[in-house]
Amino acid sequence: MKLYDEATKAVPNEEKLRMYEIYIARAAEIFGVPKTREIHERAIQSGLPDKDVKTMCLKLAELEKSLGEIDRARGICVFASQFADPTH
């Protein structure tokens, strides 16, 4: 997993979202879905472009919803709303 973590830091910003998606998928295979929470959170705080932060937040909110953590999912959506473009 350390290799994936280092890769997320080494790739250019426009490729970070895809690298985090690969990292999360692999972590889910090995450790199970709940373990991916911390990776999602790291991705959100990693300096991704706003549109990618919004995407990652929505994926984390879906994860939380699937785990029955509705209040966490709601809080993540509130946080993600600051990255949404109000003109769309």
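Worth saying up front: this structure is predicted, and the values here are computed from it rather than measured.

*Asks:* Would you mind showing me how to read the overall build of the chain here?
*Replies:* Summing up its helical and strand segments, the chain has five helices and zero strands in all. The C-alpha radius of gyration of the chain comes to 13 Å, within 12% of the 12 Å expected for a compact globule of 88 residues. The contacts in the chain between residues at least 6 apart in sequence include a share of 42% that link residues at least 24 apart. Summing over all exposed atoms, the chain offers an accessible surface of approximately 5,600 Å²; the carbon and sulfur share of this is 55%.

*Asks:* What is the right way to look at the nonpolar core in this model?
*Replies:* Considering soluble globular proteins, one finds that nonpolar side chains tend to be buried as a cluster. Residues Tyr20, Ile39, Ile44, Met56 and Cys57 are the most contacted members of the largest nonpolar core, which totals 18 residues. Of all the secondary-structure elements, those providing two or more residues to this core are α2 (13-31), α3 (37-44), α4 (50-66) and α5 (70-80). With six residues, α4 is the single largest residue contributor to this core. Excluding residues that lie within four positions of it along the chain, methionine 56 makes contacts with Leu17, Tyr20, Ile24, His40, Ala43 and Ile44.

*Asks:* What exactly am I supposed to notice about the pattern of salt bridges here?
*Replies:* Oppositely charged side chains are able to pair whenever their charged atoms sit close together. A full pass over the atoms with the stated rule returns 13 salt bridges. Measuring nitrogen to oxygen at the nearest pair gives 3.2 Å for the salt bridge that ties lysine 9 to aspartate 5. Pair noted here: lysine 9 and aspartate 5 are both in helix α1 (residues 2-10), with a separation of four residues, about one helical turn. Relative accessible area serves as the criterion here: at 15%, aspartate 5 is assigned to the buried category.

*Asks:* Quick question: what am I supposed to make of the environment of alanine 61 here?
*Replies:* Among the secondary structure elements, alanine 61 is positioned in helix α4. In sequence terms alanine 61 and glycine 75 are 14 residues apart; their C-alpha atoms lie 8.4 Å from each other.

*Asks:* Help me understand the side chain of aspartate 5 in this model?
*Replies:* A distance of 3.0 Å separates polar atoms of two side chains, one belonging to aspartate 5 and the other to arginine 42. Ignoring anything within four residues of it in the chain, the contact list for aspartate 5 reads Tyr23 and Arg42.

*Asks:* Mind showing me how you'd approach the packing of aromatic side chains here?
*Replies:* Ring pairs (aromatic) are described by centroid distance and by the angle formed between their planes. If you walk through the whole model with that rule in mind, you get two aromatic pairs. Geometrically, the ring pair formed by tyrosine 4 and tyrosine 23 is stacked, given 5.9 Å between the ring centres and 10° between the ring planes. Of this pair, tyrosine 4 sits in helix α1 while tyrosine 23 sits in helix α2, placing them 19 residues apart in sequence. For tyrosine 4, a relative accessible area of 22% translates into the label partly exposed. Looking at tyrosine 23, the relative accessible area reads 4%, which means it is buried. Look at phenylalanine 79 and phenylalanine 83: their rings are 5.4 Å apart centre to centre, the planes differ by 65°, and that puts the pair in the edge-to-face class.

What counts and how
- Residues numbered from 1 in each chain as written.
- Predicted model: local features only at pLDDT ≥ 70, side-chain atom pairs only at ≥ 80, totals over all residues.
- Heavy atoms only, no water.
- Helix = DSSP H or I, 4+ residues; strand = E, 2+ residues; numbered from the N terminus.
- Rg over C-alpha atoms; globule rule 2.2 N^0.38 Å.
- Contact = heavy atoms within 4.5 Å.
- Areas by Shrake-Rupley, 256 points an atom, 1.4 Å probe, with all protein chains shown as cover.
- Core = buried A, V, L, I, M, F, W, Y, C linked by side-chain atoms within 4.5 Å.
- Buried < 20%, exposed > 50% of the residue type's maximum accessible area, 1.4 Å probe, protein only.
- Salt bridge = Lys/Arg side-chain N within 4 Å of Asp/Glu carboxyl O.
- Polar contact = N/O pair within 3.5 Å; in protein donor to acceptor, adjacent residues only side chain to side chain.
- Phe/Tyr/Trp six-rings, centres within 6.5 Å; stacked < 30°, edge-to-face > 60°.

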